[in-house]
Amino acid sequence: MNHNAVRLDDNLCLVTDEVRCVHCDTRVGTRTDWLARALFVERPVEQAQVRVPAPPQLFVDAPTAFRQALCPTCLTALLTEVVAIADAGSRSKRIEVNEP
Ligand SMILES: [Zn+2]
């Protein structure tokens, strides 16, 4: 990892205005769109690696999916969420770095 990098979580760091994978140093996004270059994969919620006690249709009217954003180089999962399929803007992380 670059010595100027600010660690964002277990998998991502910020180097100037670029968000990079800490495992392979691939640029995956920017400050304003931190997953711009990530690969997105959607699967049925039932394929999530967690126990889903009941079909999501019992609780949510909208069709749902198990969505992952992956590093395009090493395929590390950068974001994992269960969302309404139509909701493309539900990324729950915002980058705010307090400059000295
Ligand atoms: Zn990577």
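Structure's up top.
Cut-offs used in this document
- Residues numbered from 1 in each chain as written.
- Predicted model: local features only at pLDDT ≥ 70, side-chain atom pairs only at ≥ 80, totals over all residues.
- Heavy atoms only, no water.
- Helix = DSSP H or I, 4+ residues; strand = E, 2+ residues; numbered from the N terminus.
- Donors = N, O, S within 2.8 Å, 3.2 Å for Na, K, Ca; no water.
- Tetrahedral: all angles 85-135°; square planar, octahedral: opposite > 155°, others 65-115°.
- Buried < 20%, exposed > 50% of the residue type's maximum accessible area, 1.4 Å probe, protein only.

Peer 1: Please give an account of unusual backbone geometry that cites residues and values.
Peer 2: You will see that Thr16, though not glycine, has its phi angle at about 50 degrees, which is positive. Looking at the element boundaries, Thr16 is found in the loop between strand 2 (12–15) and strand 3 (18–21). Of note in this structure, Leu75 is not a glycine but carries a positive phi near 65 degrees. Assignment of secondary structure puts Leu75 in the loop between strand 6 (64–70) and strand 7 (77–84).

Peer 1: Which residues make up the coordination of the zinc ion, and what are the values?
Peer 2: Every protein donor of the zinc ion is accounted for by Cys21 (SG), Cys24 (SG), Cys71 (SG) and Cys74 (SG), and the metal-donor separations fall at 2.3 Å. Because the angles between the four donor atoms bound to the zinc ion fall within 99 to 118 degrees, the donor set is best described as tetrahedral. Considered as a linear motif, the donors of the zinc ion on their single chain read C-x2-C-x46-C-x2-C. For Cys21, a relative accessible area of 1% gives the class buried.

Geometry only, nothing functional implied.
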